[in-house]
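Coordinates in review
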Amino acid sequence: MATIEIKEWTMKDPLNCIGFNAGTCWGSPTDNLEKNKKRAIECIKSGHGRVEELPDVYVVIEGYSAKMMRELYTHIGGSPTRMQASTRYIDYAKGFKTVIPPKIESNPEALKIWNETIVHITEGMNKLKELEMPKEDYTNLLPLAYESKMIWKINLRTLINFMNMRLCSRAYWEIRSFANELKKALSEYSEEWKEIANALFVPKCIAAGYCIEKFTCGLRPKKEEIIK
């Protein structure tokens with residue numbers, strides 16, 4: 001089962017943090033929470049993206065596929081970092097779970113092929129283990145679908161871009177599901193994160209007002225349609 005846990009190192013008042021720092025930059029009073037929040041919202045609406053790099057999110061991700069987690073590596077703005085469950089030290093020859101795509105899981109014949117392949121991979125790792133091959137070598141047989149665990153640190157500016165990209169209907173189903181679950185988890189973490197999630201964690205077409213994808217879902221008109 002996939003789970004997301006927002007860690008306590010994630011500040012509960014990101015808007016206050018942004019407003020406090022912006023106020024310090026401008027030489028304005030910073031001792032009023034509501035004024036700090038108002039200042040933060042003004043900065044974000046005005047497109048001053050650098051202030052969004054101040055709040056960091058720390059999240060433990062478990063039960064998603066290694067394939068999905070690899071996609072997180074592409075969101076590198078603002079120097080995010082991550083620690084993923086090791087394939088060098090963990091013995092996956094003892095068994096591992098996989099994330100099965102819904103279309104495969106709903107097709108008995110396809111699911112049979114999937115399960116037989118996973119059994120074959122596990123057997124292969126165990127045979128290499130019996131030959132005293134190191135874990136770091138035989139775990140190269142792991143499929144991208146094996147369930148993994150990661151702690152991911154990402155700042156708000158990069159997270160907004162992540163949400164804009166991955167909440168789009170064109171995103172792969174698993175990472176779109178992860179984006180929705182992360183949005184939900186942060187919304188429940190604090191009121192300020194809920195405000196941010198509702199306003200900024202949206203598909204890129206909603207953020208821009210038009211769709212820039214070649215193949216559109218129709219949620220927003222194409223850019224060329226608006227120009228016409």
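Data block above holds the structure.
Numbering of residues starts from 1 in every chain and runs along the sequence as written. Side-chain atom pairs in this predicted model are given and counted only at pLDDT of 80 or more, local residue features only at pLDDT of at least 70, and totals for whole chains, interfaces and linings cover all residues. Side-chain numbers here rest on the full set of heavy atoms in the structure, without hydrogens or water.

On to the sheet that holds strand E4 (residues 147-155), then. Spatial ordering of the open sheet is given by E1-E2-E4-E3, a layout of 4 strands whose pairing is antiparallel. Looking along the sheet, the strands with just one partner apiece sit at the ends: strand E1 (3-6) and strand E3 (81-84). Shown here is a sheet whose adjacent strand axes are inclined to one another by a mean of 15°, direction ignored. Here strand E2 (residues 56-65) pairs with E4 via 9 bridges, running antiparallel. Across the sheet, Ile61 pairs through a bridge with Met150, a residue of E4. Here, residues are in contact when the closest pair of their heavy atoms is within 4.5 Å. Between N-to-C directions, angles span 0 to 180 degrees; the directions come from axes that are lines fitted to C-alpha atoms, helices contributing only their stretch in contact. Here a strand is any run of E in DSSP of at least two residues, a helix any run of H or I of at least four, and the numbering for each starts at the N terminus. Taken strand by strand, helix H8 (residues 173-189) contacts E1, E2 and E4, and its axis lies near 35° from that of E1. Pairing between two strands is assigned when DSSP locates at least 2 bridges connecting them.

Attention now moves to unusual backbone geometry. Non-glycine residue Glu132 carries a positive phi angle of around 65°. Residue placement: Glu132 occurs in the loop between helix H5 (108-130) and helix H6 (135-138).

With that settled, the discussion passes to the state of the cysteines. Cysteine sulfurs are considered disulfide-paired once they come within 2.5 Å of each other. In this structure the tally under the stated criterion is 0 disulfides. There is no disulfide at Cys43, and the cysteine sulfur nearest it, in Cys25, is 8.6 Å away. For Cys205, which is in no disulfide, the shortest distance to another cysteine sulfur is to Cys217 and amounts to 5.8 Å.

As a further point, take the packing of helix H1 (residues 14-26) against helix H2 (residues 33-45). Where H1 meets H2, the closest approach of the two axes is 7 Å, and the angle between their N-to-C directions is 85°. Comparing the axis directions of H1 and H2 gives the class roughly perpendicular. Between H1 and H2, the contacting residues are Leu15, Asn16, Ile18, Gly19, Phe20, Ala22, Gly23 and Trp26 on the first element and Leu33, Asn36, Lys37, Arg39, Ala40, Cys43 and Ile44 on the second. In terms of residue class, the contact of H1 with H2 is built from 9 nonpolar, 4 polar and 2 charged. Note on terminology: angles under 35 degrees are roughly parallel, angles over 145 are roughly antiparallel, angles of 65 to 115 are roughly perpendicular, and the others are oblique. For this classification, Asp, Glu, Lys and Arg are treated as charged, while Ala, Val, Leu, Ile, Met, Phe, Trp, Tyr, Cys and Pro are nonpolar and the rest, including Gly, are polar.

Checked against the element boundaries, Thr98 lands in the loop between E3 and helix H4 (102-105). A distance of 3.2 Å separates polar atoms of two side chains, one belonging to Thr98 and the other to Trp114. Ignoring any residue separated from it by four or fewer positions in sequence, one finds Thr98 in contact with Trp114, Ile118, Ala145, Tyr146 and Glu147. Identification of polar contacts relies on pairs of N or O atoms within 3.5 Å, with a donor-acceptor requirement for protein atoms, meaning one able to donate a hydrogen and the other able to accept it, and with residues adjacent in sequence counted only if both atoms are side-chain atoms.

Everything listed is a geometric property; what it means functionally is a separate question.
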